[in-house]
Amino acid sequence: MLESATPVTPVTFPPAFLWGAATSAYQIEGAVREDGRTPSIWDTFSHTPGKTAGGDTGDIAVDHYHRYRDDVALMKDLGLGAYRFSISWPRVQPTGRGPAVQRGLDFYRRLVDELLAAGIKPAVTLYHWDLPQELEDAGGWPERETAYRFAEYAQIVGEALGDRVEQWITLNEPWCAAFLGYASGVHAPGRTDPAAALRAAHHLNLAHGLGTVALRSVMPARNSVAISLNTSVVRPLSQSPEDLAAARKIDDLSGGIFHGPILHGAYPQTLLEATASVSDWSHVQDGDLGRIRQPIDAICLNYYTPTVVSAADADSRAPRADGHGASDHSPWPATDDVAFHQPPGERTEMGWSVDPSGLHELIMRYHREAPGTPLYISENGAAYDDKPGADGSVHDPERVAYLNGHLTAVRQAIADGADVRGYYLWSLLDNFEWAYGYEKRFGAVYVDYASQQRTPKSSALWYGRAARTGTLPPVDAAE
């Protein structure tokens, strides 16, 4: 196992390695009714009683829409070289159809210009779960038409920003959009239909393929198009045939269902067989797999914690401990015979185990899965119970240790031959953490939600030093 302790020899990264931080539109922007923006599925979901902790919403979030210049200045002060943000689809194309609202696009034009002036490389994610509500009313991702609407939206944004933004990501974590949104219902739009979730996954894949073509039709050839996947690092509880079969099912549903068609032009046969009781997969039309399998310039990987599974005990009625929120409905279609287990050891405030070796394992898997394709870590981070001290400073040594361990794992993967080009810390700012509301703090920068004051935590100062020097500082160097 990779250790999180500071190595004796300094861990140094390649000179061109990209040091960034990441956010998403609904989690930070606020201004949900300004400049023509209309509701997304997350506006509707968060305003539905009982769906989010404390009834929290992203109506104001951390007010980045009005404070973006200060936030960019903060990134510059920290020494970050890149910033990954997402576009709010309903801010740009309020109904999910037709022409853009220029006031919405103008916000992102201003943000990109501010980043470039600060020497920070922008990376745009087109979809981080905020589907326009009108498209959900028409059926959402389980409907094929949504993929074509996404391609139209991708072209609009590509035309507006493609001359200045070189790094593009079509979708963030399509697994969450499909299975937390349409199977377990813990994310927007809150539906609980496993067959619809499988259709949604396919149409998200189709959206990626169509969107990639749309982007390339309007952008310079130098631009990179990628997708961010949160493929689980699945570990069987034992090497028994039953536990290995359980791990295969979860691996297919978290990874193979996306990288199968995107990288290889086919869904895993084991996936089709395992989900036959839920879907006959007739929603996959002739030509779809070719539309999905577009040449890809990079693969972006999001990692937080490994997943441990076994064959379920027929007599067990234990809650599903998969780390994806409480629901009577599983996000894993056709897996009643699979049990999830919490590994021992340190945990974050999310209840997720801290295991940097899983990140190394994930990187090396995609190094083998897509040889020659550059890799980025587009999300990695941890939630802790951060509180300001008497002097107003915020010390988070647990997050510093977490980042040190995981960045050490990234550097080891590079040493082992993986072409990892950059790392985006999740997240730049404390923000609206989806169904958890404002209870969980992932930010390297503390946000007082009442005053909106930003205070860099110890982890931000530590990470900023790493970004400026290309070397991981001692874990006690952030104070």
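Everything quoted here is computed from the prediction, not taken from an experiment.

In this section: the sheet that holds strand E2 (residues 82-86). Strands belonging to one sheet form pairs held by backbone hydrogen bonds; the direction of such a pair is parallel or antiparallel. Spatially, E1-E2-E3-E4-E5-E7-E10-E11 is the arrangement adopted by the 8 strands of the closed barrel, whose pairing is parallel. Direction aside, the axes of adjacent strands within the sheet are offset by 25 degrees on average. In terms of strand pairing, strand E4 (residues 167-172) meets strand E5 (residues 224-229) through 4 bridges, oriented parallel. Looking at the pairing, Asn172 lines up with Ser228 of E5. Helix H7 (residues 145-161) contacts strand E3 (121-127) and E4 of the sheet and is inclined by roughly 160 degrees relative to E3.

Under the counting rule described, the total for this entry stands at 33 aromatic pairs. On the numbers, 5.0 Å between centres and 70 degrees between planes, the contact of Trp42 with Phe45 is edge-to-face. Here the residue Trp42 and the residue Phe45 both occupy positions in helix H2 (residues 41-46), the gap between them amounting to 3 residues, near one helical turn. The same class applies to Trp42 as to Phe45, namely buried. For the ring pair Trp42 and Phe432, a centre distance of 6.2 Å and an interplane angle of 80 degrees mean the geometry is edge-to-face. Taken together, the residues span a long stretch of sequence, with Trp42 in helix H2 and Phe432 in the loop between strand E11 (420-426) and strand E12 (445-448) at a distance of 390 residues. By relative accessible area, Phe432 is classed as buried at 0%. Through pairs of rings, three or more aromatic residues link up here, namely Tyr26, Trp42, Phe45, Trp129, Phe432, Trp434, Tyr438 and Tyr449.

Moving on, we get to the packing of helix H5 (residues 102-117) against H7. In contact at an axis separation of 10 Å, H5 and H7 are set at 40 degrees when each is read in the N-to-C sense. Relative to H7, the element H5 lies oblique. Judged by the sense of rotation from one axis to the other, the crossing of H5 with H7 is right-handed. Of the residues in H7, those in contact with Leu105, Tyr108, Arg109 and Val112 of H5 are Ile156, Ala160 and Leu161. Along the lines of polarity and charge, the residues of the contact of H5 with H7 split into 6 nonpolar, no polar and 1 charged.

Bringing the nonpolar core into the picture now. Core analysis: the largest hydrophobic core is formed by 151 residues, its most contacted members being Tyr127, Trp141, Phe150, Leu161, Phe179, Ile363 and Val410. What Phe150 contacts, discounting residues up to four positions off in sequence, is Trp89, Leu126, Tyr127, Trp141, Thr170, Leu171, Ala207 and Gly211.

The next subject is the sheet that holds strand E8 (residues 307-311). The 3 strands are arranged E6-E8-E9 in an open sheet whose pairing can be described as mixed. Only two strands of the sheet have a single partner each, and these edge strands are strand E6 (234-236) and strand E9 (338-341). Pairwise comparison of adjacent strand axes, ignoring direction, gives a mean angle of 40 degrees for this sheet. Of the strand pairs in this sheet, E8 and E9 are connected by 4 bridges, and their pairing is antiparallel. Pairing of Val308 across the sheet is with His341, part of E9.

Looking at the secondary structure, you find Glu379 in strand E10 (residues 375-380). Here the side chain of Glu379 touches Arg84 through a polar contact of 3.4 Å, side chain to side chain. What Glu379 contacts, discounting residues up to four positions off in sequence, is Arg84, His128, Asn172, Glu173, Leu301, Asn302, Tyr303, Tyr304, Tyr424 and Trp426.

Moving on: unusual backbone geometry. At the junction of Ala188 and Pro189, the peptide bond is cis and its omega measures out at 10 degrees in the coordinates. Within the secondary structure layout, Pro189 lies in the loop between helix H8 (174-182) and helix H9 (194-218). Its identity as a non-glycine residue notwithstanding, Trp281 has a phi of 60 degrees, on the positive side. Tracing the backbone shows Trp281 in the loop between helix H11 (269-274) and helix H12 (288-292). Given the relative accessible area of 9%, Trp281 is considered buried.

Counted under the stated rule, the structure contains 32 salt bridges. Close ionic contact of Lys457 with Asp386 constitutes a salt bridge, the shortest N to O distance being 2.6 Å. Taken together, the residues span a long stretch of sequence, with Lys457 in the loop between strand E13 (453-456) and helix H15 (458-469) and Asp386 in the loop between E10 and helix H14 (397-415) at a distance of 71 residues. Of the two residues, Lys457 and Asp386, neither departs from the other in class, the shared state being buried. The network of salt bridges with common partners includes Asp386, Asp396, Arg399, Asp430, Arg441 and Lys457.

With that settled, the discussion passes to H7. With 17 residues, H7 ought to run about 24 Å at 1.5 Å a step, and its terminal C-alpha atoms sit 25 Å apart, in line with that. In terms of residue burial, H7 counts as a mostly covered element, since 12 of its 17 residues are buried. The set of residues buried in H7 consists of Thr146, Ala147, Arg149, Phe150, Ala151, Tyr153, Ala154, Ile156, Val157, Gly158, Ala160 and Leu161. Residues of H7 that are buried make contact with helix H4 (89-92), H5, E3, helix H6 (133-137), E4 and H9.

Scoring rules and cut-offs
- Residues numbered from 1 in each chain as written.
- Predicted model: local features only at pLDDT ≥ 70, side-chain atom pairs only at ≥ 80, totals over all residues.
- Heavy atoms only, no water.
- Pairing = 2+ DSSP bridges.
- Helix = DSSP H or I, 4+ residues; strand = E, 2+ residues; numbered from the N terminus.
- Axes fitted to C-alpha atoms, helices over the stretch in contact; angles between N-to-C directions.
- Contact = heavy atoms within 4.5 Å.
- Phe/Tyr/Trp six-rings, centres within 6.5 Å; stacked < 30°, edge-to-face > 60°.
- Buried < 20%, exposed > 50% of the residue type's maximum accessible area, 1.4 Å probe, protein only.
- Parallel < 35°, antiparallel > 145°, perpendicular 65-115°, else oblique.
- Left-handed = near helix turned anticlockwise from the far one by under 90°.
- Nonpolar A, V, L, I, M, F, W, Y, C, P; charged D, E, K, R; others polar.
- Core = buried A, V, L, I, M, F, W, Y, C linked by side-chain atoms within 4.5 Å.
- Polar contact = N/O pair within 3.5 Å; in protein donor to acceptor, adjacent residues only side chain to side chain.
- Salt bridge = Lys/Arg side-chain N within 4 Å of Asp/Glu carboxyl O.
- Expected span 1.5 Å × (residues − 1).

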